[in-house]
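The primary structure of each chain is shown beneath.
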Amino acid sequence: MASCGAFHSFLFEYDTPRIVLIRSRKVGLINRGVQLAILAYVIGWVFLWQKGYQETDSVVSSVTTKVKGVTLTNTSTLGARIWDVADYVIPPQGENTVFVMTNVILTLNQSQGRCPELPDDKTECQVKNNSCFPGYVSTHSNGIQTGECVSYNSSIKTCEVLAWCPVEDDSHIPKPAFLQAAENFTLLVKNNIWYRKFNFSKRNILPTINSTYLKNCIYDARTDPFCPIFRLGQIVEAAGQDFQEMAVEGGVMALQINWDCNLDRAASHCVPKYSFRRLDNKDTAHTVSPGYNFRFAKYYKNSDGTESRTLVKAFGIRFHIVVFGKAGKFDVIPTMINIGSGLALFGVATVLCDIVVLYCMKKRYYYREKKYKYVEDYELVSISGGRGKADLLPSLSLERF
Amino acid sequence: MASCGAFHSFLFEYDTPRIVLIRSRKVGLINRGVQLAILAYVIGWVFLWQKGYQETDSVVSSVTTKVKGVTLTNTSTLGARIWDVADYVIPPQGENTVFVMTNVILTLNQSQGRCPELPDDKTECQVKNNSCFPGYVSTHSNGIQTGECVSYNSSIKTCEVLAWCPVEDDSHIPKPAFLQAAENFTLLVKNNIWYRKFNFSKRNILPTINSTYLKNCIYDARTDPFCPIFRLGQIVEAAGQDFQEMAVEGGVMALQINWDCNLDRAASHCVPKYSFRRLDNKDTAHTVSPGYNFRFAKYYKNSDGTESRTLVKAFGIRFHIVVFGKAGKFDVIPTMINIGSGLALFGVATVLCDIVVLYCMKKRYYYREKKYKYVEDYELVSISGGRGKADLLPSLSLERF
Amino acid sequence: MASCGAFHSFLFEYDTPRIVLIRSRKVGLINRGVQLAILAYVIGWVFLWQKGYQETDSVVSSVTTKVKGVTLTNTSTLGARIWDVADYVIPPQGENTVFVMTNVILTLNQSQGRCPELPDDKTECQVKNNSCFPGYVSTHSNGIQTGECVSYNSSIKTCEVLAWCPVEDDSHIPKPAFLQAAENFTLLVKNNIWYRKFNFSKRNILPTINSTYLKNCIYDARTDPFCPIFRLGQIVEAAGQDFQEMAVEGGVMALQINWDCNLDRAASHCVPKYSFRRLDNKDTAHTVSPGYNFRFAKYYKNSDGTESRTLVKAFGIRFHIVVFGKAGKFDVIPTMINIGSGLALFGVATVLCDIVVLYCMKKRYYYREKKYKYVEDYELVSISGGRGKADLLPSLSLERF
């Protein structure tokens, strides 16, 4: 039988487990209760809440930015001076970042030469016992020491250095910030996202918005949540910071664009959500060079052909446009995986109830005997077994045939 | 028995469900059919198609680019002028982006001073009823108003501003584009990718390619799919755009590199696929400052020591090199998860067939009675219990034979 | 019967499969063994090793960098010259990358004009049979040919070009590198990461570190693993490269920051791990323009108002700060999915043992008959079936009790 009609029987036989059906309110209710809990979890939590039926993809994004605004400063060294985009946005274009200079230390007319180093505990010196060493250079020095000890000013003497002279003195940072008006500059963010798996792409300038609106709108979480133009001051305040304080030493801000979308719904429901965070560490105790700044130079050629430069130590706010998001769309694979594991969990219900029925209940022995059929490995011994007996008769009877 | 030899029995007993084996072509076939369908789904779809047996990782990438090309322009203001890489690639290096200037509005010899604002509905004025306010500045203004009303040209009067003078007039964009020859410039893209989970890294310059080929090849989807050198015009056309049209106002292009790899196969099968998309919004109705442009300045020092600058409004095409990809490699975890859920699904087959057998078939009562053994909570009643009886009779009736 | 009390019975009945309990050391042990293996796999591998109970998220990061250092060069053309950050870091700020110039080819005082092209097989010419074509330009040419053939030097004649003259001669790269001292420059990396799903953010400057330490520390894998200041030479060596060799033609390095975190543990355990890799292709056979370099220009205005520029071909090392990481935190969904599939796998144990019991063992027929109850589709035949009978007896025998 196992050999000959094996395939035939395989194909035309149907095997289903034999079931003991126990009529007991207690157990019945426990059983259904557990099953219900599992069902609720699988449907409610896994499917409805966690959208376990969806395939997900993360966003691919590209960003371009544009800053607008102009301000006037008036200082003894520079006189009245207008600052526009070309002056305070450095570099003129970034990828996902844009830097707006809010404060600056200018060192005009630097040229290659010899001059006294900036005074600090290492560089100060007396002429008699010379503490300057030719060729000495440290991480923080502005140039290479010549070994001379020259007067930095009437009172202090410092080691002479080969450097761009005069050396920059960044000990005093202008306060309030030099370009405090930057608070009212505006930042236009153009963001294009793409969910590759679903070949779904969209822009943060929604098709429902017309250009006249865009020309004049300013983002506001309540009134204009989809306007892509931001007031710098607003961004900083939205992150719970004080712009004027931040403007002095500079800082790093994140402008976050959240593109979480449920693509089972209409594409028009997939809209950007903006949020703002400060990224750099405020407390100066646990950081080096607090805030954010960097140096660059403008190079000039003098009429006599020699080169000079203006060294700019630019403090300012760097805006990172951080784009993230997850899109979900119905897919058969995750659905099946979750259904599969859900079904498997139903097994737990039976296991639990069996424990109750077979170990905790008064009638457990009675139930056990109904559920189990004991089969001894070797007959003779088994015969003595009371329960065994009930079981063995058939086999005996069979032998007779 | 439950107490004493519990462990002994636990260890040396094997419990397997008792099965009713129904010899019925119909049910048997249904059962096998459903099972087959499930098996086909699990193996065919989950494993073969979706590679459910693979652990996946997404790509980590780094990109460097290099543009080549030179062109000649001849205008009244500039005269004959050669433009090379240092002139039209701004900034000289980006991260994943490179910008090629295709059109430009130059404002030569700007210097700090007072001059009439660009005329528009807000800035035009008459001297008698003065509509200019000292210190007034708007988002779109080039400087800060002095309050004077001066003549912009013979016909028009506009408010005077403190600004970099003369102010830029970007009302007329050169058409055709100033550097239309950019169409034939070439872009070399070097891309290095890394799949961290599998510690697999590769470059888009394949080891099979030699340097002599690289010196002269130009990417072509059909003939040279692995040449990393692209003609700018080609990229734009491949995205279904017109280069010369795009060159005028600028735009943003994506050069996508797809690194999807099946790492169960040889590494040599893991090759980049290039594709091209336009990222910015063409229709001007739903966008601000269409195309792509930004401003920067070159600063000069005049012989008299005063500073002047050349303001450049650069229109051009910004190429984003977008690298994405997913690598898969056999891993035991996802395999087991999918097998597990697959097995669980087989339970469905039994459930379905039971429904058929126990509710839909003619002989359902007969089958039910074979499958189920009814156990009353309390014996006595159960005997009288209709259902209980129904249960016992058949066996009795059978006895008689 | 199926209709009336259906719901009542559904609610108050509990059905559990009937089990054949085989008392056999062999089968029992096999069964438990297989179950143990599966249990070990599920708990040990899936849960403990692969943390299958955790939801995971990948990192969102932002990076800022700062280079420090100054060096002196002394050449015939430039004389003694100091190079500081503003001179060798181009552009002054990047996003995740920073470029440090280590070698340079300067072409001073270029101006628009006509001059002989750089000699190569294409551009060399004789006056008699002129091989120069007006307007000809190739990818590698520095300008547009005028058609003239002029003498490049005493011996060689080349085609004349309209270009920035004199044209750059980059045939000889300075060796050793011009700014070889860059080896001792330091790179400060500030990195801020964010795990969005868990709203967990952290900086690579750990709160346990104070600013005095930061002022002076240098990263060292053993002694200072959390110092965010790196010696350039060290980075390159850690990647198994030679700095001075790399400095000549430039290259691309990755500074990798690994933020893998188990957020079920204290946040203080979540710390960055630094590692270093070279990204560009060393072997020159399979690459174009080996190393890393780019061109930019500094523009000057001469006293006579004409424009001139200094063309800089900057070779150098570009550092990509690559931040990656995966955070895991307990979550109910993946836990349930893994438990579910784990349970499902237990089914395998029964399947295996059944095969052993029913096909491999001596007593297989005996066991089969205990496990299976054969039910014919039509009764008459089934009655004659010995097995059918054998099966019914027990229910009788039980009745007698």
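This structure is a prediction, so every number in the text was calculated from the model and none was measured.

## Examining the interface of chain B and chain C
- Contact with chain B, which involves 77 residues of that partner, is made by 99 residues of chain C.
- Summed over both sides, the interface of chain B with chain C buries roughly 8,400 Å², with 56% coming from carbon and sulfur.
- Interface area lost by chain B to chain C is led by B:Tyr14, B:Arg18 and B:Gln93, which between them contribute 10%.
- Inspection of the region where chain B meets chain C yields 5 salt bridges.
- With its nearest N and O atoms 3.1 Å apart, the salt bridge here joins B:Asp87 to C:Arg309.
- For the interface between chain B and chain C, the tally reads 28 residue pairs in polar contact (both at pLDDT 80 or more).
- Tallying contributions element by element places helix α7 (residues 332-360) of chain B first for the side of chain B that touches chain C, with 8 residues.

## Digging into the side chain of B:Thr158
Residue and element names in this part refer to chain B.
- Positionally, Thr158 belongs in strand β9 (residues 157-165).
- According to the relative accessible area criterion, Thr158 is buried, its value standing at 0%.
- At 2.8 Å, the side chain of Thr158 and the backbone oxygen of Glu117 are in polar contact.
- With near-sequence residues (within four places) excluded, Thr158 lies in contact with Pro116, Glu117, Leu118, Pro119, Thr123, Glu124, Cys125, Glu148, Cys149, Val150 and Tyr152.

## Some remarks on the relation of the copies chain B and chain C
- Superposing chain B onto chain C takes a rotation of 120° combined with a translation of 0.0 Å along the rotation axis, leaving an RMSD of 0.1 Å. Here the two chains are linked by the operation of a three-fold rotation axis.

## As for the sheet that holds strand β19 (residues 372-376) of chain A
- Strand order in the open sheet formed by 3 strands is β19(A)-β2(C)-β1(B), with mixed pairing between adjacent strands. The open sheet terminates on both sides in strands that have one partner only, identified here as β19 of chain A together with β1 (13-17) of chain B. Taken over all neighbouring pairs, the strand axes of this sheet differ in orientation by 25° on average, direction set aside.
- Strand direction decides the pairing type here: β1(B) and strand β2 (residues 19-23) of chain C, joined by 5 bridges, are antiparallel.

## Focus on the interface of chain A and chain B
- In this complex, chain A contributes 72 residues to the contact, which on the side of chain B involves 90 residues.
- Where chain A abuts chain B, roughly 7,600 Å² becomes buried across the two surfaces, and 55% of that area is made up of carbon and sulfur atoms.
- When the buried surface of chain A facing chain B is broken down by residue, A:Tyr14, A:Arg23 and A:Gln93 rank first, second and third, together holding 12% of it.
- For the pair chain A and chain B, the interface holds 5 salt bridges.
- Summed over the shared surface of chain A and chain B, the result is 27 residue pairs in polar contact (both at pLDDT 80 or more).
- When residues in the side of chain A that touches chain B are grouped by element, the largest group, 9 residues, is from helix α7 (residues 332-360) of chain A.
- Partitioning the side of chain A that touches chain B into residue classes produces 35 nonpolar, 18 polar and 19 charged.

Parameters and conventions
Residues numbered from 1 in each chain as written. Chains lettered and ligands numbered in written order. Predicted model: local features only at pLDDT ≥ 70, side-chain atom pairs only at ≥ 80, totals over all residues. Heavy atoms only, no water. Contact = heavy atoms within 4.5 Å. Buried area = accessible area lost by both parts, 1.4 Å probe. Salt bridge = Lys/Arg side-chain N within 4 Å of Asp/Glu carboxyl O. Polar contact = N/O pair within 3.5 Å; in protein donor to acceptor, adjacent residues only side chain to side chain. Helix = DSSP H or I, 4+ residues; strand = E, 2+ residues; numbered from the N terminus. Buried < 20%, exposed > 50% of the residue type's maximum accessible area, 1.4 Å probe, protein only. Least-squares fit on C-alpha atoms with pLDDT ≥ 70 in both. Pairing = 2+ DSSP bridges. Axes fitted to C-alpha atoms, helices over the stretch in contact; angles between N-to-C directions. Nonpolar A, V, L, I, M, F, W, Y, C, P; charged D, E, K, R; others polar.

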